[in-house]
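The lines below spell out each chain.
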Amino acid sequence: MFKILVPVDGSESALRALKTAIAMAGQHDEAELHLLNAPPPILSGHAKMFLDKQVVQDYYNEEGEKALADARKAAENAGVRFVTAIKAGQSAQTIVDYAHAHQCAHIVMGTRGLSALPGILLGSVANKVIHLADVPVTLVK
């Protein structure tokens, strides 16, 4: 099976990447899209100190489901096989680790996400994924 990982953060850039991944999936007899939301962890030590782990996980799940909603609809409408996941962590490393753990053959992602800290020419997460990944990475503008 040809597995394509598509990091999804709810941005237009991620949806454009998903459209490209859907087209790529159509070129393989057995393809499966992996739609991953990889939010950065809650960094505040104070927040971690006062919030139960389950409350934090519920927050990640709720926000992740919102980010994945449009991508899920697009994949369903295209009739492609897909799975979804929400994994909090340092986004680029989480994406690469997920690709490795699930034996994804390709990563397709947008060049810019919803981050408040944009890179100069290329989103910082996309840039890091390019350098960390051991599978092909396609960036969609």
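A short tour of the structure in this document, coming up. Bear in mind that the values here come from a model prediction, so they are computed numbers and not experimental data. (Residues numbered from 1 in each chain as written. Predicted model: local features only at pLDDT ≥ 70, side-chain atom pairs only at ≥ 80, totals over all residues. Heavy atoms only, no water.)

1. Some details on the overall build of the protein chain
A tally of helices and strands in the protein chain yields five helices and five strands. Listed by position from the N terminus, the elements making up the protein chain come as β-α-β-α-α-β-α-β-α-β. Put simply, the protein chain has 141 residues, and 40% of those count as buried. Pairs at least 24 residues apart make up 73% of the contacts formed inside the protein chain by residues separated by at least 6 positions. (Helix = DSSP H or I, 4+ residues; strand = E, 2+ residues; numbered from the N terminus. Buried < 20%, exposed > 50% of the residue type's maximum accessible area, 1.4 Å probe, protein only. Contact = heavy atoms within 4.5 Å.)

2. Let's talk about the side chain of Ser11
Assignment of secondary structure puts Ser11 in the loop between strand E1 (2-7) and helix H1 (12-25). In this structure the side chain of Ser11 is engaged in a polar contact, spanning 3.1 Å, whose partner is the backbone nitrogen of Ala14. (Polar contact = N/O pair within 3.5 Å; in protein donor to acceptor, adjacent residues only side chain to side chain.)

3. Digging into the pattern of salt bridges
Within this structure, the stated rule accounts for three salt bridges. The salt bridge involving Lys66 is made with Glu62; its shortest N-O contact spans 3.9 Å. You can see Lys66 and its partner Glu62 sitting in helix H3 (residues 53-78), four residues apart, about one turn around the helix. A salt bridge links Glu63 to Lys66; the nearest nitrogen and oxygen atoms lie 3.2 Å apart. Highlighted residues: Glu63 and Lys66, both in helix H3, separated by three residues, approximately one helical turn. The partly exposed category is assigned to Glu63, whose relative accessible area is 32%. Among the charged side chains, a salt-bridge network with shared partners connects Glu62, Glu63 and Lys66. (Salt bridge = Lys/Arg side-chain N within 4 Å of Asp/Glu carboxyl O.)

4. Quick word on the packing of aromatic side chains
Counted according to the given criterion, the structure contains one aromatic pair. The interplanar angle of 55° and the centroid separation of 6.2 Å between the aromatic rings of Tyr59 and Tyr60 together place this pair among those described as tilted. Judged by relative accessible area, which is 44%, Tyr59 ranks as partly exposed. In this structure Tyr60 comes out as buried when scored by relative accessible area, which is 8%. (Phe/Tyr/Trp six-rings, centres within 6.5 Å; stacked < 30°, edge-to-face > 60°.)

5. Focus on helix H4 (residues 91-101)
Ser91, Ala92, Thr94, Ile95, Val96, Tyr98 and Ala99 are the residues of H4 that are buried. In the core, the buried residues of H4 are packed alongside E1, strand E2 (31-37), strand E3 (82-86), strand E4 (106-110) and helix H5 (124-132). Immediately downstream of H4, the backbone of Gln103 shows phi near 55°, a positive value.

6. Focus on H3
Helix length check: H3, at 26 residues, gives a terminal C-alpha distance of 36 Å against a target of 38 Å (1.5 Å per residue), a fit within 8%. The sharpest bend along H3 reaches about 40° and sits at Leu68. The secondary structure elements touched by the buried residues of H3 are H1, E2 and E3. (Expected span 1.5 Å × (residues − 1). Bend = angle between axes of the 7 residues up to and from the residue.)

7. Points about the nonpolar core
If you look at the biggest cluster of nonpolar residues, it comprises 21 residues, and the most contacted ones within it are Ile4, Val6, Leu18, Leu33, Leu35 and Val108. Those elements giving two or more residues to this core turn out to be E1, H1, E2 and H3. Here this core takes seven residues from H1, the largest share from any one element. Filtering out sequence-adjacent residues up to four positions away, Val6 remains in contact with Ala14, Ala17, Leu18, Ala21, His34, Leu35, Leu36 and Val108. Residues Ala92, Cys104, Ala126 and Ala133 belong to the second largest nonpolar core, which totals 16 residues. (Core = buried A, V, L, I, M, F, W, Y, C linked by side-chain atoms within 4.5 Å.)

So yeah, pure geometry; function would need other evidence.
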